[in-house]
Amino acid sequence: MKQIIFSMLFLLLATSIKAQYKMSIDKADGTIQDVWIHDINEITFTEVEFTCGTSTITYAGQTYNTVQIGDQCWFKENLNIGDRITGSSDQTDNSTIEKYCYNDLEENCDNYGGLYQWDEVMQYTTTAGTKGICPQGWHIPTSSEFNPLRQQVGDNGNSLKAIGQGSGGGAGTNTSGFSALLAGIREYDGTFASFGIFTAFWSSSQSGASAYYMSLYDDKSTINVNTTTKLRGFGIRCLKDD
């Protein structure tokens, strides 16, 4: 499968002296770079072959590794995008992506990814399988899309956890390459909890006022898919579109 790295939009800017042409490059990471045409000697359009497991995705200044698990291609790290707000505040529909960092420390987002309420993840739509806060060509997995992942690892959560995460019967082996970290969560009351003990990933599927999520524990090998209030802050793993 091939992925166009960037698209180009040519804009005509008129001045009182002469017409000048300016090119805006809409890059895959979401940024826009403007270049004057007279500064360009040659333009080369390149298509890059995307290979899940070796190709990376650059998005909003962050680079994410990818991992192929069965027929699915996942981000290998939790998404980390948005402006940090304190855990005591709810995320809002204000045209700015907002995130929580565990214990309100930015370094925890750098290491473990952001935590998000369901509506923020979905960008205030309720359509299952939506792009949400994932990059173009990727989406928030539906609850049913967790099933092939579970089946591929024999429903063994230790296979999804990074080595060094969990202990005893819940010690991570990371045989899948999913590399999940026990990043904790932001609770509905604004507190942070379960760092090193628990991790949860939102799906884009809802059930009334609740939404589905997948979770892993430090002392168990089980993979759980349940529903909970959309006000809690969980991690996100983007899934590649078919």
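1. Quick look at the side chain of Ser 203
Okay, step 1: With respect to the helices and strands, the residue Ser 203 is situated in strand 14 (residues 198–207).
Okay, step 2: Judged by its relative accessible area of 0%, Ser 203 falls in the buried class.
Okay, step 3: In contact with Ser 203, other than residues within four places in its own chain, are Trp 118, Ile 140, Pro 141, Thr 142, Ser 143, Phe 146, Tyr 212 and Tyr 213.

2. Quick notes on the confidence of the model for the protein chain
Okay, step 1: Looking at the protein chain as a whole, the pLDDT averages 90, with 88% of positions reaching at least 70.
Okay, step 2: Here residues 1–18 is modelled with pLDDT under 50, and outside its nearest four sequence neighbours on either side it reaches 43 contacts, counting other chains as well.

3. A closer look at the side chain of Arg 237
Okay, step 1: Here Arg 237 is to be found in the loop between strand 16 (224–229) and strand 17 (239–240).
Okay, step 2: With no salt bridge to any partner, buried Arg 237 finds its closest opposite charge in Glu 77, at an N-O distance of 7.2 Å.
Okay, step 3: Here Lys 76 takes part through its backbone oxygen, which lies 3.3 Å from a polar atom of the side chain of Arg 237.
Okay, step 4: Setting aside anything within four residues of it in sequence, one finds Arg 237 in contact with Trp 74, Phe 75, Lys 76, Glu 77, Asn 78, His 139, Pro 141, Phe 178, Ser 179, Ala 180 and Phe 201.

4. Some words on the state of the cysteines
Okay, step 1: Under the defined criterion, the tally for this structure stands at three disulfides.
Okay, step 2: Paired through a disulfide, Cys 52 and Cys 73 show a sulfur-sulfur distance of 2.0 Å. The sign of the S-S torsion, about 95°, decides the handedness of the disulfide formed by Cys 52 and Cys 73: right-handed. Of this pair, Cys 52 sits in the loop between strand 5 (47–49) and strand 6 (56–59) while Cys 73 is found in strand 8 (residues 72–75), placing the two residues 21 residues apart along the sequence.
Okay, step 3: Here Cys 52 falls in the buried class, since its relative accessible area comes to 17%.
Okay, step 4: Relative accessible area serves as the criterion here: at 7%, Cys 73 is assigned to the buried category.
Okay, step 5: Put simply, Cys 101 and Cys 109 are joined by a disulfide, and their sulfur atoms are 2.0 Å apart. Judged by the sign of its S-S torsion, about -110°, the bond between Cys 101 and Cys 109 is left-handed.
Okay, step 6: When its relative accessible area of 0% is taken as the criterion, Cys 101 is described as buried.
Okay, step 7: Of the residues examined, Cys 109 reaches a relative accessible area of 1% and is grouped as buried.
Okay, step 8: Counting only the cysteines that take part in disulfides, in the order they occur along the protein chain, gives the pairing 1-2, 3-4, 5-6.

5. What about the packing of aromatic side chains?
Okay, step 1: For the structure shown, the criterion picks out 13 aromatic pairs.
Okay, step 2: Summarising the aromatic geometry, the rings of Tyr 64 and Phe 75 are spaced 4.7 Å apart at their centres and angled 20° between planes, so their arrangement reads as stacked. One end of the pair, Tyr 64, is in strand 7 (residues 62–69); the other, Phe 75, is in strand 8, and eleven residues separate them in sequence. We note that Tyr 64, like Phe 75, is buried.
Okay, step 3: Between Trp 202 and Tyr 213 the ring centres are 6.5 Å apart and the planes differ by 80°, which places this aromatic pair in the edge-to-face class. A residue pair is termed long-range when its members are at least 10 positions apart, and Trp 202 in strand 14 and Tyr 213 in strand 15 (residues 210–217) qualify at eleven residues. The two residues Trp 202 and Tyr 213 agree in class, both being buried.
Okay, step 4: Geometry around Phe 178 places Arg 237 over its ring, the cationic atom sitting 4.2 Å from the centre.
Okay, step 5: Against the face of Trp 138 rests Lys 240, its NZ or CZ located 5.9 Å from the ring centre.

6. Comments concerning the pattern of salt bridges
Between side chains of opposite charge, a pair can form as their charged atoms come close.
Okay, step 1: One pass over the structure, following the stated rule, counts five salt bridges.
Okay, step 2: Across the pair Lys 99 and Glu 106 runs a salt bridge, and its minimum N-O distance is 2.8 Å.
Okay, step 3: Lys 99 sits in the buried class, given a relative accessible area of 4%.
Okay, step 4: Glu 106 gets classed as partly exposed once you look at its relative accessible area, which sits at 34%.
Okay, step 5: A salt bridge links Asp 155 to Arg 150; the shortest N-O distance between them is 2.9 Å.
Okay, step 6: Through salt bridges that share partners, Arg 84, Lys 99 and Glu 106 make up one connected network.

How each quantity is defined
- Residues numbered from 1 in each chain as written.
- Predicted model: local features only at pLDDT ≥ 70, side-chain atom pairs only at ≥ 80, totals over all residues.
- Heavy atoms only, no water.
- Helix = DSSP H or I, 4+ residues; strand = E, 2+ residues; numbered from the N terminus.
- Buried < 20%, exposed > 50% of the residue type's maximum accessible area, 1.4 Å probe, protein only.
- Contact = heavy atoms within 4.5 Å.
- pLDDT = per-residue confidence, 0-100.
- Lys, Arg positive; Asp, Glu negative; His and termini not counted.
- Salt bridge = Lys/Arg side-chain N within 4 Å of Asp/Glu carboxyl O.
- Polar contact = N/O pair within 3.5 Å; in protein donor to acceptor, adjacent residues only side chain to side chain.
- Disulfide = S-S within 2.5 Å.
- Phe/Tyr/Trp six-rings, centres within 6.5 Å; stacked < 30°, edge-to-face > 60°.
- Lys NZ or Arg CZ within 6 Å of the ring centre and 35° of its normal.

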